[in-house]
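# Commentary on secondary and tertiary structure
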Amino acid sequence: MKSARQRAPTCILACSLLLGPGAAVAASPGAEDAAPDTDLSEVQREWAETVEALKSYSATQRDAAVSKAQQTLQAMDRRIEQLEARTGQQWDKLSHSAREARQATLRTLRAQRNQAAEWYGAMKHSSASAWGSVKQGFIDSYGALSDSFAKAWNEFDSDEEAAP
């Protein structure tokens, strides 16, 4: 497996393509050092705030809703990058099965994140008549991603405790 430093240029490019130039700064080498570890209660609080905010946005408030959704996705990207960095730092200490499990978990998180991004894109371009269902699609998709992230964070913590 490539080290976190070797993967950084690929991650920067991928984030730039998916989220624009601002994401490249957040994904640059050392960026994970600047942000403190995620606290799950913070993730849950932000998720609840996002859901409440998005539920209240009408189709005429699309720009505000899209901005909130974008911020939420960018925050999740940083959190997934933290998990990837933790895995890279602990790689040598992990058993083969723990490595495979983490890789599978990270793939799942990225796939769910991409699904949420598709709903985000739909939010930007939906008609007023489709707004409610598209908005709910994003909320549901991001909820699944948030739940998976919380499970992954706890799983990775238990892997650390089990490592010799």
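Figured I'd write up the structure that's included with this text. Model, not experiment: these values are computed from the prediction.

## Points about the nonpolar core
Nonpolar side chains in soluble globular proteins tend to be buried together. Counting residues in hydrophobic clusters, the biggest one holds 30 residues, and the most contacted among them are Leu-54, Leu-83, Leu-109, Met-123, Phe-138, Tyr-142 and Phe-149. Elements with a minimum of two residues in this core: α4 (40–56), α5 (62–90), α6 (96–125) and α7 (131–162). Considering every element that reaches this core, the biggest residue donor is α7, with eleven residues. Excluding residues within four positions of it along the chain, Tyr-142 makes contact with Trp-47, Thr-72, Leu-73, Met-76 and Ala-116.

## A short note on the pattern of salt bridges
Side chains that differ in sign of charge can pair as their charged atoms come close. The tally for this structure, following the rule as stated, stands at eight salt bridges. Residue Arg-79 is joined to Glu-42 by a salt bridge in which the shortest nitrogen-to-oxygen separation is 3.4 Å. Placement of Arg-79 in helix α5 and of Glu-42 in helix α4 is noted, with a sequence separation of 37 residues between them. Here Arg-86 makes a salt bridge to Asp-157, at a shortest N to O gap of 2.5 Å.

## Topic: α4
Compared with the 24 Å implied by 1.5 Å per residue over 17 residues, the 25 Å span of α4 between its first and last C-alpha is a close match. All buried positions along α4 are accounted for by Leu-40, Val-43, Trp-47, Thr-50, Val-51, Ala-53 and Leu-54.

## Quick word on the packing of α5 against α6
The N-to-C vectors of α5 and α6 enclose an angle of 170 degrees; their axes lie 10 Å apart at closest approach. Put simply, α5 runs roughly antiparallel to α6. Both α5 and α6 take part in a crossing whose hand is left-handed.

## Quick look at the environment of His-125
Along the chain, His-125 turns up in helix α6. Residue class for His-125 comes out exposed when judged on its relative accessible area of 67%. Measuring from C-alpha to C-alpha, the distance between His-125 and Arg-62 comes to 9.3 Å, with 63 residues separating the pair along the chain.

About the cut-offs
Residues numbered from 1 in each chain as written. Predicted model: local features only at pLDDT ≥ 70, side-chain atom pairs only at ≥ 80, totals over all residues. Heavy atoms only, no water. Core = buried A, V, L, I, M, F, W, Y, C linked by side-chain atoms within 4.5 Å. Buried < 20%, exposed > 50% of the residue type's maximum accessible area, 1.4 Å probe, protein only. Helix = DSSP H or I, 4+ residues; strand = E, 2+ residues; numbered from the N terminus. Contact = heavy atoms within 4.5 Å. Salt bridge = Lys/Arg side-chain N within 4 Å of Asp/Glu carboxyl O. Expected span 1.5 Å × (residues − 1). Axes fitted to C-alpha atoms, helices over the stretch in contact; angles between N-to-C directions. Parallel < 35°, antiparallel > 145°, perpendicular 65-115°, else oblique. Left-handed = near helix turned anticlockwise from the far one by under 90°.

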